[in-house]
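# Structural description and commentary
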Amino acid sequence: MNLYLAEFRLFGIDVKVHWSFVLVLAFGAFLYGSGPAGWLVGSLYGVLSMLLLFASVTLHEYGHALMARRFSVGTRSILLLPIGGVANLERIPEKPAQELAVVGAGPLVNVIIALVLTPVALLLNGGNPNGLLSMNAVGSNIQSPGLFNLVVFLISTNLLLAIFNLLPAFPLDGGRLLRALLAYVMPYTRATRTAVVVGRLLAVLMAIYGIFSGAIGLLLIAFFVYVGGSAELEAVSNRAVLRQFKASRALTPGAISLYTSERVERVVDLIMSSYQTDFPVRDLSGRFVGVLTRPRLVSALRETGPEARVVDVMQPAADIPLCTPETDLATVWEQMGQSGSRVIAVADQGQVLGIITADDISEVFQVMSAAMDGPDRRPQPPAPTPSDSQETRNYV
Ligand SMILES: [Zn+2]
């Protein structure tokens, strides 16, 4: 699954090209190779056109990433897939105006590329705008190699990329823009719900059109929009529930701590006699030094046996994210997702009060969303997992 055709770093951001990208190049070679230029020249030209088209997609993603950087939001990676690119941001920008700028920067890059290339095309065509304005000219010339045709191809594909991405449907940029605008006049969750409904309507229309016109690609996109919208709505609703509670709420009072010198054996007894699954570990002076998590306990029992020392198998404190008792649970959840840790330590003025696990948050979530929904509502949603917050950080 995670096989990459190429990986490189540009402007401090890792770009990963998925292996299935080979299919795009093969498609380009096949499409153009069967054209008037003959298979060798045609297929090479096809590969070049696809590479340049995806260079435009990559620049679109850099538009999101570099604008996000202006608001101190990092980008973990840019992934290139045959259906487009994804910029995985570290978090969503806080202010609606910032999100508007980050979202808008992507399509803006494509508009700028088209604007810069237009005089070039005009120059190549001796100042004659004919053949440049009509998209049909591109269609008929698309397979004949030539600098003018290539430039016109890039202008029209970049304009199409901008228009397509601005369709008001999640997870496309247009859906995010609509949500950011609606968020000025209504609560965030409702803005998301409205934007998702608009997107679904559009997806249904796209699917109907796709079926009647035989455009399979459109069906695929309609499906992608439908599923993407639902995932976004779920992530946002879950976050809204969790945002109302502070970390101190999920702390278990009287949780049992272990000492570094103890052996795993004791933990087995503790698990049998309590509901606790993860144990903070302290040294003799009471300082927090790590957590013995359930997965680590299980692997220690399997590999070394009950005589394994707690200090040798625990997750060290350096690998555990920290929050304060005042941090809201949505932020805690996001911190856990980002660090890949199933526990977080709650510290007040340098002193660790206790730990919160993914299970603790699921518990708060399930109880509170049931309490808020009342007795006669739909069945409860499943508890989220820390990776659920992923969806909202992926900009296409
Ligand atoms: Zn975009």
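One can find the structure itself at the top, above this paragraph.
Scope of this entry: the structure provided in the associated data block. Not measured: the values here are computed from a predicted model.

### Overview of the pattern of salt bridges
Using the criterion set out here, one finds 11 salt bridges in the structure. Its salt-bridge partner being Arg9, residue Asp14 comes within 3.0 Å of it at the nearest N-O pair. Given the relative accessible area of 29%, Asp14 is considered partly exposed. Two residues, Arg342 and Asp359, come together in a salt bridge whose shortest N-O distance is 3.5 Å. In this pair, Arg342 sits in the loop between α13 (329–339) and β10 (343–348) while Asp359 sits in helix α14 (residues 358–373), placing the two residues 17 residues apart along the sequence. Asp359 sits in the partly exposed class, given a relative accessible area of 32%. Beyond isolated ion pairs, a larger network of salt bridges with shared partners links Glu99, Arg176, Arg179 and Glu232.

### Quick word on the packing of helix α10 (residues 264–273) against helix α11 (residues 294–303)
Axis separation between α10 and α11 bottoms out at 11 Å; the angle between their running directions is 125°. With respect to α11, the element α10 is oriented oblique. Relative to α11, the crossing made by α10 is left-handed. Residue-level contacts link Val264, Val267, Val268 and Ile271 of α10 to Leu297, Ala300 and Leu301 of α11. Class assignment of the residues belonging to the contact of α10 with α11 gives a composition of 7 nonpolar, no polar and no charged.

### A few points about the coordination of the zinc ion
For the zinc ion, the full set of protein donor atoms is His60 (NE2), His64 (NE2), Asp173 (OD), Asp173 (OD) and Val396 (O), at a range of 1.9 to 2.7 Å. All donors to the zinc ion come from one chain, and their sequence spacing reads H-x3-H-x108-D-x222-V. With a gap of 4 residues between them, His60 and His64 both fall in helix α2 (residues 39–70), about one helical turn apart. Comparing His60 with His64 shows no difference in burial state: the two are buried.

### Points about the sheet that holds strand β11 (residues 351–357)
Within a sheet, neighbouring strands are paired by backbone hydrogen bonds and run either parallel or antiparallel to one another. Strand order across the open sheet formed by 3 strands is β9-β10-β11, with mixed pairing between neighbours. Edge positions in the sheet fall to β9 (322–323) and β11, since each has one partner strand and no second. When β9 meets β10, the two strands line up parallel, connected through 2 bridges. Residue pairing across strands places Cys323 opposite Val346, the latter belonging to β10. Docked against the sheet, α13 engages β9, β10 and β11, running at close to 130° with respect to β10.

What counts, and at which threshold
- Residues numbered from 1 in each chain as written.
- Predicted model: local features only at pLDDT ≥ 70, side-chain atom pairs only at ≥ 80, totals over all residues.
- Heavy atoms only, no water.
- Salt bridge = Lys/Arg side-chain N within 4 Å of Asp/Glu carboxyl O.
- Buried < 20%, exposed > 50% of the residue type's maximum accessible area, 1.4 Å probe, protein only.
- Helix = DSSP H or I, 4+ residues; strand = E, 2+ residues; numbered from the N terminus.
- Axes fitted to C-alpha atoms, helices over the stretch in contact; angles between N-to-C directions.
- Parallel < 35°, antiparallel > 145°, perpendicular 65-115°, else oblique.
- Left-handed = near helix turned anticlockwise from the far one by under 90°.
- Contact = heavy atoms within 4.5 Å.
- Nonpolar A, V, L, I, M, F, W, Y, C, P; charged D, E, K, R; others polar.
- Donors = N, O, S within 2.8 Å, 3.2 Å for Na, K, Ca; no water.
- Pairing = 2+ DSSP bridges.

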